[in-house]
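Here's the letter readout for the chains.
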Amino acid sequence: MTWLEMLMGPRAPLPDVVEVVFRGALAEAGCPPREGQIRMARAVAEAIDGTLVGSTGAPTPVLAVEAATGLGKGLGYLVPAVVAITRNRAFPPLGDSKRSKVIVSTANIALQRQLVTKDVPMLARAMGIGISVATMKGRSNYVCHEKMDVESRIIGEHTSFVAGIRDWLAQGGSGDREDLPGVAAPRSWARVSVSAEDCLGPQCPFAQQCIGNKVRREAEKAAVIVVNHSFLALAH
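Remember, predicted model here, so these are calculated numbers, not experimental data.

Peer 1: What is the right way to look at the overall build of the protein in this model?
Peer 2: Scanning the protein from N- to C-terminus turns up 10 helices and three strands. Ordered by position in the sequence, the α and β elements of the protein form the string α-α-α-α-β-α-β-α-α-α-α-β-α. Looking at the protein as a whole, 38% of its 236 residues qualify as buried. Taking contacts inside the protein between residues at least 6 apart in sequence as the whole, the part at least 24 apart equals 70%.

Peer 1: Can you help me understand the pattern of salt bridges in this one?
Peer 2: Should their charged atoms come close, side chains of opposite charge can pair. For the structure on display, the rule yields nine salt bridges. Between Arg 113 and Asp 179 there is a salt bridge; the shortest N-O distance is 2.5 Å. Of this pair, Arg 113 sits in helix 5 (residues 109-127) while Asp 179 sits in the loop between helix 7 (161-170) and helix 8 (186-189), placing them 66 residues apart in sequence. A relative accessible area of 35% means that Asp 179 is categorised as partly exposed. We note a salt bridge from Glu 151 to Arg 191, for which the minimum N-O separation is 3.2 Å. Taken as a pair, Glu 151 in helix 6 (residues 145-156) and Arg 191 in the loop between helix 8 and helix 9 (211-221) lie far apart in primary sequence, 40 residues in all.

Peer 1: Help me out: how do you make sense of the environment of Arg 39 in this one?
Peer 2: When you line up the elements, Arg 39 lands in helix 3 (residues 35-49). Classification of Arg 39 by relative accessible area gives exposed; the value is 59%. Separated by 37 residues in sequence, Arg 39 and Gly 76 place their C-alpha atoms 8.5 Å apart.

Peer 1: What's the story with the packing of helix 2 (residues 14-28) against helix 3 in this structure? I'm lost.
Peer 2: Packed helices, taken two at a time, are described by their axes: the angle between them and the distance between them. Relative to each other, helix 2 and helix 3 sit at 150°, their axes nearing to 8 Å. Judged by the inter-axis angle, helix 2 sits roughly antiparallel to helix 3. In this structure, helix 2 meets helix 3 at a crossing whose hand is right-handed. In this structure, helix 2 uses Leu 14, Pro 15, Asp 16, Val 18, Glu 19, Phe 22 and Arg 23 to contact helix 3, whose residues at the interface are Glu 35, Gln 37, Ile 38, Ala 41, Arg 42, Ala 45, Glu 46, Ile 48 and Asp 49. Of the residues contributing to the contact of helix 2 with helix 3, the split by class is eight nonpolar, one polar and seven charged.

Peer 1: In this structure, what is going on with the side chain of His 145? I would like to understand it.
Peer 2: Of note, His 145 is situated in helix 6. In this structure His 145 comes out as buried when scored by relative accessible area, which is 17%. Beyond its immediate stretch of four places on either side in the chain, His 145 contacts Leu 169, Phe 206, Gln 209 and Ile 211.

What counts, and at which threshold
Residues numbered from 1 in each chain as written. Predicted model: local features only at pLDDT ≥ 70, side-chain atom pairs only at ≥ 80, totals over all residues. Heavy atoms only, no water. Helix = DSSP H or I, 4+ residues; strand = E, 2+ residues; numbered from the N terminus. Buried < 20%, exposed > 50% of the residue type's maximum accessible area, 1.4 Å probe, protein only. Contact = heavy atoms within 4.5 Å. Salt bridge = Lys/Arg side-chain N within 4 Å of Asp/Glu carboxyl O. Axes fitted to C-alpha atoms, helices over the stretch in contact; angles between N-to-C directions. Parallel < 35°, antiparallel > 145°, perpendicular 65-115°, else oblique. Left-handed = near helix turned anticlockwise from the far one by under 90°. Nonpolar A, V, L, I, M, F, W, Y, C, P; charged D, E, K, R; others polar.

Below is the structure:
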């Protein structure tokens, strides 16, 4: 058992564990902590474990943090969240088994990608643990097989943008617009995607192949789900 595994035991105060991660694991990984960052992370940890005291003197789970650019706010909320859910998953009898998942909402899709491809993997390596992470976006960000089928029949597959998308998917493309080689004009992408309002849902003949549904299934198994504010506000 490593020192980190011992510290992450269910009886260790979450804010203390979080500070040790910053001053130990992250510092050793070449990410020296900032004092303001640690104060923020401890406050987030207190909000998570129910020990944060509000301005009225009563406990509160709500925390609003304002910090300067460059402080490292991403790790400031990721570290306590990841430590908390890792501990809850490792010690379900003593932890809260219902609190084994965290949703992180960002301002835009670019920040989502940064968290998923850079920040979370770096944190996992520093802590020496596995962190399952998934990203979710609105349905219009993913290729819709039903819409492609309709476009193929109306316009003709070999003379349309649809042909290139089919080839991309056949070569292992994710179906996520952000991963598409090159840039798709909005009008072109609209020919192979669909909004949540226009989605046929379970009645869709391509429901089993649906890329949006696949992303949702993967997210159900992840410990960390990264979304953007627009998706969070409209998700249902």
